[in-house]
Amino acid sequence: MPEAPDPAMSRTARIAALFLVTFGLLPIANWIAGGHRADWYGLVLSGWISGLAIVAGAGIVLAILGRGLPLWRDGLWSSLAERYQRRPGTVTLAVAGVAGLVYALVARVILGGRPLLIDEIIESYQALIYAGGHLALPLPTHPEFFSATHLIDFPDKVYSQFPAGGPAALLVGVLVGVPWITGPLFGALAVVAFGACLRRLDLAPGTALAALLFFAFAPFMAFMAGSYMNHVPTLFGLLLGSAGLAGMLLEPRARWPAALACGLGFGIAAAIRPEDAVAFALPASVWLIIGIRDGRVGLGALGVAAAAFAVPLGAFLFVNAATTGAPLRFGYEVLWGPSHGLGFHRAPWGVAHTPARGIQLISLYLLRLQTYLFEWPIPSLLPATLALWYARRLAPFDRYLLGAGAALLGLYFAYWHDGFYLGPRFVYLLLPLAALWTARCLPNLRARFGDGPSVRGVAYGLGVATLIGLAVGVPGRAKQYRNGLVTMRWDADGAADSAGVRGALVFVRESWGAELIARLWALGVSRPDAEQLYRRIDACRLDTELTVLERGGVRDSAAIRALRPLLADSLLLRGSPVSPDTTEQFLPPGRYTQECVDRINEDRTGFTLFAPLLLARGGGNIYARDLAGKDTLLLAEYPERPVYLLKPAGARIGTWPRFFAATRDSIWRAARGSTR
């Protein structure tokens, strides 16, 4: 006899479904004045309407013809499900192996095998520091030549702002000489851990196998697992911890190994992304307390979990103490101040984060997830929403995952930054929930409506949506990613070797705007203040004032006080109409000095980015930011090295940088002629 539905649990599932409908389909972000907007919503909605018409039409036609076609056979899926039921561990490992190969292809072919986002670059730089046997590097004599966003370079050491666990995960690939393998490796391990979670759920074999496949081969999963982003090892840690948690509470015979997995997994996640770990730890704590109260979890197993948790967390706290000066002080706080953290306050870049902006962000994350999750022509979360609406009951593990998902959204509701890269990355951890409930769509519809034509139509429709996604959506997204962030893909070590540049001092020509930010940092202006000043002051006025401060030796708080009056006209600013770097600000009807005109003309001949060069290690070269009049400081520090200027041969986007030999005399002459 089938189990009767639990009204309370069904109500919980329906609330979750209504939440997905509200925030995942409606343009709530556009209904709130100010802040973030989904300006692309109209285009996406039009695509969904067309996609639903195609998918529904194909589903209806195939459902009518299905009985006469070899498309709807009980053996088509049941044989695979039976194989999974007999050997779930083996099938899971096979799926993880294939998925890992897919992730590796994404890493190499689509993303170029290189860190492309500044977060990836700085975490990779920290991994190189670890590989050299250090937790931090000593501060250079002139740090302004080597500084970068997200890199702490004061008061006496250099290290990443990110928690130690992310760079430590990258260390695996760095030590074997293939750093790009880290994402695919942890992505495949996440598939294995998710398979272990599925075995703790009372699922039909076909549903469990479908959930595993949806998770492993979701485009969002694959693209992110091909990257260097720390979300991937975090997902592995949380799924390992979740599988262990379920084992502790549901499988008495496996309690101690499960406790080890639980503690180690959550500890790994906490050392990489502490906030994400908290989201899963909150419902986990509730479940554990219930288990302790009813005697399912003893003190011994709890002690094993606590000890395992303490190992990665203790290492993380030790690194914090050695770098930031306190175990619970994070690099983010050192670099950006307390305003970087959760809460409704003024963000580091000056914008006030309010509950209204938090709602806008949650709306944006779920709207984007509808596209990036499966790349279907219909909303990706639609099957999961239907499955939740028609759920008859929730298992304890279901309640735990739903609680973790709710906590995750709650935390990012209170966080000011819009996390978007390869998709809505802050909700990447919702992948297990999305895959599980997507797989439950057809079983839940059958339980409610029977195995009639309407349900078969939904099944065919989902198959058509998947085929369209594989044929159109995924290739289009892959092309977009492959053609993006071109400058970050340049192989500096290979280019230097080909050009015969070895043991050299290489000055990297960045844009005028990037140089202005570096000069602010050099004056001791904090990262938050530097961002606000750069974004809210005319670039030429800022350049002129910086020159005055540099000549007078004015630094730190005195420099900030001198610059703040320039913010008075910030509301009149607009992006520069004449510079190729559109982040530079322009105050109409401003007239640029000849020095500023020269800098813009210089940028028009081409510039590149310095941050990726932090990872260049070949040829014993030293790469430093070109700071024009100040370059002589490094000439004196490295008197025997040949000197080169690195910049593109032209201003066309995508033109690779080239090494141009320079003489020391020419740099000295340029410095004497500079107004800086």
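What you see is a predicted model; the values in this text were computed from it and never measured. (Residues numbered from 1 in each chain as written. Predicted model: local features only at pLDDT ≥ 70, side-chain atom pairs only at ≥ 80, totals over all residues. Heavy atoms only, no water.)

Concerning the packing of helix H23 (residues 512-522) against helix H25 (residues 539-552)
The description of two helices packed together rests on the angle between their axes and the distance between the axes. Going by this rule: To define axes, lines are fitted to C-alpha atoms, for helices over the stretch in contact only, and angles between the resulting N-to-C directions are given on a 0 to 180 degree scale. Helix and strand labels come from DSSP, where a helix needs a run of H or I of at least four residues and a strand needs a run of E of at least two; each type is numbered from the N terminus. Crossing chirality is assigned from the near helix's rotation relative to the far helix, an anticlockwise turn below a right angle marking it left-handed and a clockwise turn marking it right-handed. The contact criterion used throughout is that any non-hydrogen atoms of two residues lie within 4.5 Å. Note that Gly is not counted as nonpolar here; it falls among the polar residues with everything else outside the nonpolar set of Ala, Val, Leu, Ile, Met, Phe, Trp, Tyr, Cys and Pro and the charged set of Asp, Glu, Lys and Arg.
At a minimum axis separation of 11 Å, H23 and H25 run at an interaxial angle of 35°. In terms of crossing hand, the pair formed by H23 and H25 is left-handed. Taking contact as the criterion, the partners of Trp-512, Leu-516, Arg-519 and Leu-520 in H23 are, on H25, Ala-539, Cys-540, Leu-542, Asp-543, Leu-546, Thr-547 and Glu-550. Residues that form the contact of H23 with H25 fall into these classes: seven nonpolar, one polar and three charged.

Description of the state of the cysteines
What counts, and what does not: A pair of sulfur atoms, both from cysteines and within 2.5 Å, is called a disulfide here. Exposed residues in this analysis have more than 50% of their type's maximum accessible area, buried residues have under 20%, and partly exposed residues fall in between, with area computed by a 1.4 Å probe over protein chains only.
According to the stated counting rule, one finds one disulfide in the structure shown. The disulfide partner of Cys-540 is Cys-596, and the gap between their sulfur atoms is 2.1 Å. Here the disulfide of Cys-540 and Cys-596 is right-handed, its torsion about the S-S bond being about 90°. In this pair, Cys-540 is assigned in helix H25 and Cys-596 in helix H27 (residues 594-604), connecting sequence segments 56 residues apart. For the residue pair Cys-540 and Cys-596, the accessibility class agrees, reading buried in each case. The structure places no disulfide on Cys-262, whose sulfur is separated from the nearest cysteine sulfur, that of Cys-197, by 11 Å. On the basis of relative accessibility, which here comes to 4%, the residue Cys-262 falls in the buried class.

Side note on the sheet that holds strand S4 (residues 505-508)
The cut-off we apply is this: We treat two strands as partners when DSSP finds at least two bridges between them.
Across the sheet, which stays open at both edges, the four strands sit in the order S7-S4-S8-S9 with mixed pairing between neighbours. Edge positions in the open sheet fall to strand S7 (622-625) and strand S9 (657-662), since each of these has one partner strand only. Neighbouring strand axes in the sheet, compared pairwise and without regard to direction, differ in orientation by 30° on average.

Comments concerning helix H13 (residues 274-293)
What counts is decided by this rule: Helix span, as expected, comes to 1.5 Å for every residue beyond the first. Bend at a residue means the angle formed by two fitted axes: the first through the 7 residues ending at that position, the second through the 7 residues beginning there.
Between its first and last C-alpha atoms H13 spans 27 Å; for 20 residues at 1.5 Å apiece the expected length is 28 Å, and the two agree. The principal kink in H13, of about 30°, is found at Ala-281, preceding the proline Pro-283 by one to four residues. For H13, the set of buried residues is Pro-274, Asp-276, Ala-277, Ala-279, Phe-280, Pro-283, Ala-284, Trp-287, Leu-288 and Gly-291. Buried positions along H13 lie against helix H11 (231-250), helix H12 (255-272), helix H14 (299-323) and helix H18 (396-413).

Notes on the pattern of salt bridges
Convention followed: The salt bridge definition used is simple: a Lys or Arg side-chain nitrogen within 4 Å of an Asp or Glu carboxyl oxygen.
Using the criterion set out here, one finds 25 salt bridges in the structure. Measuring nitrogen to oxygen at the nearest pair gives 3.6 Å for the salt bridge that ties Arg-527 to Asp-153. A residue pair is termed long-range when its members are at least 10 positions apart, and Arg-527 in helix H24 (residues 527-535) and Asp-153 in the loop between strand S2 (151-152) and strand S3 (157-160) qualify at 374 residues. Between Asp-626 and Arg-509 there is a salt bridge, and its shortest N-O distance comes to 2.7 Å.

Focus on the nonpolar core
The following threshold applies: Throughout, nonpolar core names a set of buried Ala, Val, Leu, Ile, Met, Phe, Trp, Tyr and Cys residues whose side chains join them through atoms within 4.5 Å.
Phe-215 and Trp-437 are the most contacted members of the largest nonpolar core, which has 125 residues in total. Setting aside chain neighbours within four positions, we find Trp-437 in contact with Pro-383, Ala-384, Ala-387, Leu-388, Ala-391, Leu-394, Asp-398, Leu-402 and Asn-444. By size, the runner-up hydrophobic cluster in this structure holds 35 residues, among which are Trp-490, Leu-505, Val-506 and Leu-635.

A closer look at a nonpolar patch on the surface
Filter applied, for reference: Patch membership requires over 30% relative accessible area and the absence of a salt bridge. Like charges are linked within 9 Å, and nonpolar side chains (Val, Leu, Ile, Met, Phe, Trp, Tyr) within 5 Å. Note on areas: Shrake-Rupley with a 1.4 Å probe; residue coverage comes only from the protein chains shown.
On the surface, Ile-60, Val-61, Ile-64 and Leu-65 cluster together into a nonpolar patch covering about 400 Å² of accessible area. Locating Ile-60 in the fold gives a position in helix H3 (residues 41-65).

Here's the deal with the packing of aromatic side chains
As a reminder, the rule being used: Note on aromatic contacts: the rings of Phe and Tyr and the six-membered ring of Trp form a pair at centre separations within 6.5 Å, being stacked when their planes are under 30 degrees apart, edge-to-face when over 60 apart, and tilted otherwise.
Applying the stated criterion across every chain, the model contains 28 aromatic pairs. Relative to Phe-374, the ring of Phe-214 lies with its centre 5.5 Å away and its plane at 50°, an arrangement referred to as tilted. Linking Phe-214 in helix H9 (residues 205-217) with Phe-374 in the loop between helix H16 (355-372) and helix H17 (382-389), this pair joins segments that are 160 residues apart in sequence. Assessed through its relative accessible area of 24%, Phe-214 is described here as partly exposed. Each ring, one from Phe-344 and one from Phe-413, has its centre 5.3 Å from the other, and the planes form 65°; the classification is edge-to-face. Taken together, the residues Phe-344 in the loop between helix H15 (331-336) and H16 and Phe-413 in helix H18 connect sequence positions 69 residues apart.

Some details on the environment of Thr-323
Selection criterion: Polar contact criterion, stated in full: a pair of N or O atoms within 3.5 Å, where within protein one must be able to donate a hydrogen and the other to accept it, and residues adjacent in sequence count only if both atoms are side-chain atoms.
One can find Thr-323 in helix H14. Its relative accessible area of 11% is what places Thr-323 among the buried residues. Along the sequence, Thr-323 and Leu-137 sit 186 residues apart, while their C-alpha atoms lie 10.0 Å from each other. Among all residues touching Thr-323, those that are not within four sequence positions of it are Leu-135, Ala-136, Lys-157 and Tyr-159. Here Val-319 takes part through its backbone oxygen, which lies 2.7 Å from a polar atom of the side chain of Thr-323.

Notes on the environment of Ala-518
Take Ala-518: it is sitting in helix H23. Each C-alpha atom of the pair Ala-518 and Leu-627 lies 8.7 Å from the other, and the pair is 109 residues apart in sequence. The contacts of Ala-518, once residues within four sequence positions are left out, are Glu-144 and Arg-625.

The values are spatial; any link to function lies outside them.
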